[in-house]
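# Coordinates in review
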Amino acid sequence: MKRKAEKQPPAPISAFAARKARQQQVEVVIQTNRGPNESVVEPPSKRARHSSAEDDPVQSTNANEGDRVTKRAVQRQKGSKKAVRATPTAEGRATNVPLESAVQGVSSQQPLSEGESDEELDSTDEENGSDGIGAAQGDDYSYESPTSTPAEIQNFPLSKVRLSKKNVVYSDENVLCLRIKEKTNLALVGHYDLWVKRGVVSLMGAKIHPSPRLYRVYAPSTHSLPVIKCVSGVDGEAEIEIRSCRSGIHRLRDLSPLYQRIWKGENSYPDRFSLRGVSGDSRRTFSVLYTSADDSLKRHLRPLHLEKKWSTAMKVLSQRGGQLRVLICGPKAAGKSTFSRYLLNHLLSSVPVEDKVYSNKDGVAFLDLDPGQPEFSTMGQVYLAHLRSPFFGPPFTHPSLDGSHDGTVIRAHHIGATSPKDDADHYVLTAMDLMDRYRTLLASYPQCPLIINYPGWIFGQGLEVATWLIRSLGLSDVVYMSEKGPTEVVGPLGQAAQTAMIPLTILPSQPTDFVSKSSAQLRSMQIQSYFHMSHPTQLHNPVWLGTPISRIRPIVVDYDGPKQGILGIMVMGSQISPDLLHDVIDGAIVGVVAVESPSAVLGAGTDGPPVEAFGSSDEQGETGPGESESAPDLDVNMDVLPDTAPQNGHPSATSERAITRTIKENLPYLFVGSGSSTPLDPRASHCLGLALVRSINVASRKLELVTPIPSPKIAESIKQGHRIVLVRGHLDNPNWAISEEYYAARAAERRYQRSLAKARTSGEGQKKNKGTEESDQARQAKMLSILRDRVQRAGSHVPWMKVMDDSGRRQREAAHQKRLWKLKKRAYPGSESEAEW
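In this text, all values refer to a predicted model and were calculated from it rather than measured experimentally. (Residues numbered from 1 in each chain as written. Predicted model: local features only at pLDDT ≥ 70, side-chain atom pairs only at ≥ 80, totals over all residues. Heavy atoms only, no water.)

## Notes on the sheet that holds strand S12 (residues 325–329)
- A sheet is described by the order of its strands in space; here seven strands give the open sequence S17-S16-S15-S18-S12-S19-S20, paired in mixed fashion. With one partner strand each, in any of the chains shown, strand S17 (407–414) and strand S20 (504–506) form the two edges of the open sheet. Strand-to-strand, the axes of this sheet are offset by a mean angle of 15°, without reference to chain direction.
- Two elements, S12 and strand S18 (residues 450–453), share four bridges in a ladder whose sense is parallel. Across the sheet, Ile328 pairs through a bridge with Asn453, a residue of S18.
- Lying on the sheet, helix H5 (residues 336–347) is in contact with S12, strand S15 (364–368), strand S16 (381–387), S18 and strand S19 (477–480); it crosses S18 at an angle near 170°. (Pairing = 2+ DSSP bridges. Helix = DSSP H or I, 4+ residues; strand = E, 2+ residues; numbered from the N terminus. Axes fitted to C-alpha atoms, helices over the stretch in contact; angles between N-to-C directions. Contact = heavy atoms within 4.5 Å.)

Take a look at the structure:
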């Protein structure tokens, strides 16, 4: 007779515990079938997966015979058969072991909550994500876990909160007000505004207290979903209001397929519950999810939970207050950006003092030294930002702080590459200049802590740079994001920290098992978001426009003549022939760099950089460019630059000495160096932002630039006498800009066809005059023809692209005509892009 406890279904377990149990089961089976002299080999570590395959990631190896555990075969049958997994024997044959036995002994653990796992959860099966999950009733916040579902296709538990009449205060088509109990959490997908009305909740490291402030939250499926957790409340409950927002970021899905299927899908079961009595076609910009099975798009959603050691480390670091100077480093994909974001939000959290909400008035300085995955800028830049409010969202939701009310970029430098390894000396110079700017910032904000985000370039020369920065920057702490070493990295870091007499904290990494977007795709999303985002002065949050970049009004700049608006054009890396300069910059992303003095052009008037460059703390100019309140909010014409140099003295002879004019176009090619270009001195120059060279008009000697840099920022830089240099680095080619018009045309065609289908559905049964019906059909056919012609013309003006009809797909989908793109490769010397043009 079974005991009562055995008859109850097992409680849900975390994916980490389930994986550990499966590995232990495999080791037990292998040890039982192995001889006494055979050694046990640890299974290989898992790697990030880029597909939604249904295979089991857990694999084992046999050291003596080279056998590998075969992938788990999941048998879905309606009978009483159970799923089995294959495990190797000593002879190399696979034997079937019931899957349920692999997770015995761990089913009594509690549901996953914040800080209970040091790894991300396993991804769910996209096709079978909704089997066996049911919603709890009443106030029961426990999960219902399907015991018959194999572990690899079990759904992620996302929220402990279950919507009911007791906790839903009010709701309509745009707003949802909830009461959530202490130590319970809520996960949503989409973008929304959060208002804490009562109690205290935590979100991405920040503790939010009741206030009139609305916090904008972005929760796309490309990243782990942020979790709203009740920390404390009145009578054990906190009350929050979630509002739909109209930021326009969803419009980018019409310009790039990378932005499709990342926001809210159809209304989930919790949404339908809270929308009872409301029109059925009501669509909020957010969706409440109990588990990943509630997602209509069947994506691999997972919650964002912190490891306990991370939370402990953040509490210790935050206790240092304004004296905190922490460098966060570690290998790639170890969670450095996530930890930095959480620590930043934690330091910026408001704290109630005597019935008033006290905020950190001095803010937090963020020194981002990772040009490959920057947080508040686009790729290829390092910068110092001064932040005054938490940020809730991935980097592509805040790719720029220009015009932001929550922070500003004090100073930025254009590296021109996603990794600083090609020019480590220039990278160190930029870091030291930004650190000098932080010391200047302390004069106005003495209690402003500093967070330094170091890239994953931690081996070889990158390790030498990291140890040098630890000894030179006057830090208070160093955090290394990996407990697995290696020793050749941790050892030198520990020695450098010991020399600087500061502690070294080693934290476990927190990688993800499933990656929905690659690093290159995330960079494309971030830079595309950068070119389509703006900060209206009358709004607190940014907005995005869905206009293709080919239809955005450009800035026209003279590159020759009496009204020349730019000093020159630099190409970082190896020297190129001046005849190729036109092809190199046409259609490329360039950095818009303001030159503050002639000394920025290293080697133009001197033999090289000064010896004291690595340790100099001399100030060159102001703290950083800022927007002028008196500057007109108009399109800037860079051709208003005066012919003669202003008061700070830009001698033409010194600058022109390093400029070579191309023969055909007369472009000003700025090159200083021997074999490779010497970059501008960061102490006498800074980056204003990025621009896209849309066209070069040789006849009129003009450049057409598309840039989101605010006009007052450029006007203020020119007013201070700075000269503008366009720097072409080794950034990814803007293929997203090439195809935006095509995707926009296709989206317009699809929208019109959907409107016709909806009109036909709603007009069924209504009698129309024959003449009127024929007239409507003719008008609709004409409009469809215009839209299809627009799609066809989308690539006709782009010489390296050609639109081709796909007749096979057109036959399969007669209602909608599909087209393919064909790219003609057009490379320049030294290009390493995968899709050169």
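## Notes on the packing of helix H4 (residues 308–318) against H5
- Between H4 and H5, the shortest axis-to-axis distance is 10 Å and the interhelical angle comes to 45°. In terms of their interaxial angle, H4 and H5 are classed as oblique. Helix-helix and strand crossings are classified by hand; for H4 and H5 the assignment is right-handed. Contact residues: Trp310, Ala313, Met314, Leu317 and Ser318 in H4; Thr338, Phe339, Tyr342, Leu343, His346 and Leu347 in H5.
- Considering only residue class, the contact of H4 with H5 consists of eight nonpolar, three polar and no charged. (Parallel < 35°, antiparallel > 145°, perpendicular 65-115°, else oblique. Left-handed = near helix turned anticlockwise from the far one by under 90°. Nonpolar A, V, L, I, M, F, W, Y, C, P; charged D, E, K, R; others polar.)

## Quick word on the pattern of salt bridges
- Taken as a whole and assessed by the stated rule, the structure comprises 27 salt bridges.
- We note a salt bridge from Arg283 to Glu266, for which the minimum N-O separation is 4.0 Å. Here Arg283, found in the loop between helix H3 (269–274) and strand S11 (286–289), pairs with Glu266, found in the loop between strand S10 (237–244) and H3; they are 17 residues apart in sequence, far enough to count as distant.
- By relative accessible area, which is 41% here, Arg283 ends up partly exposed.
- Taking relative accessible area as the criterion, Glu266 reaches 52% and is therefore assigned exposed.
- Each of Arg411, Asp433, Arg437 and Glu596 takes part in salt bridges that share partners, so that together they form one network. (Salt bridge = Lys/Arg side-chain N within 4 Å of Asp/Glu carboxyl O. Buried < 20%, exposed > 50% of the residue type's maximum accessible area, 1.4 Å probe, protein only.)

## Some words on the packing of helix H13 (residues 735–762) against helix H14 (residues 770–793)
- Across the interface, H13 lies against H14 with an axial gap of 8 Å and an inter-helix angle of 160°. Relative to H14, the element H13 lies roughly antiparallel. When the axes of H13 and H14 are compared, the crossing they make is left-handed. Residues Glu741, Tyr742, Ala744, Ala745, Arg746, Ala748, Glu749, Tyr752, Gln753 and Leu756 of H13 form the contact with H14, whose participating residues are Arg779, Gln780, Met783, Leu784, Leu787, Arg788, Arg790 and Val791.
- Classifying every residue of the contact of H13 with H14 gives ten nonpolar, two polar and six charged.

## Points about the packing of aromatic side chains
- Enumeration according to the criterion identifies 13 aromatic pairs in this entry.
- Between the aromatic rings of Tyr192 and Phe286, the centroid separation amounts to 6.1 Å while the plane-to-plane angle is 65°, which identifies the pairing as edge-to-face. Of this pair, Tyr192 sits in strand S5 (residues 185–198) while Phe286 sits in strand S11, and the two are 94 residues apart along the sequence. For the pair shown, Tyr192 and Phe286 are each scored as buried.
- Aromatic side chains Trp310 and Phe339 sit 5.5 Å apart centroid to centroid with 85° between the ring planes, which places their arrangement in the edge-to-face category. Pair noted here: Trp310 is in helix H4 and Phe339 is in helix H5, with a separation of 29 residues, a long-range link. In this pair, the class of Trp310 matches that of Phe339, namely buried.
- One aromatic cluster is present, built from ring pairs that chain together Phe366, Phe376 and Phe391.
- The aromatic ring of Tyr290 is capped on one face by Arg162, whose charged end is 4.4 Å from the ring centroid. (Phe/Tyr/Trp six-rings, centres within 6.5 Å; stacked < 30°, edge-to-face > 60°. Lys NZ or Arg CZ within 6 Å of the ring centre and 35° of its normal.)

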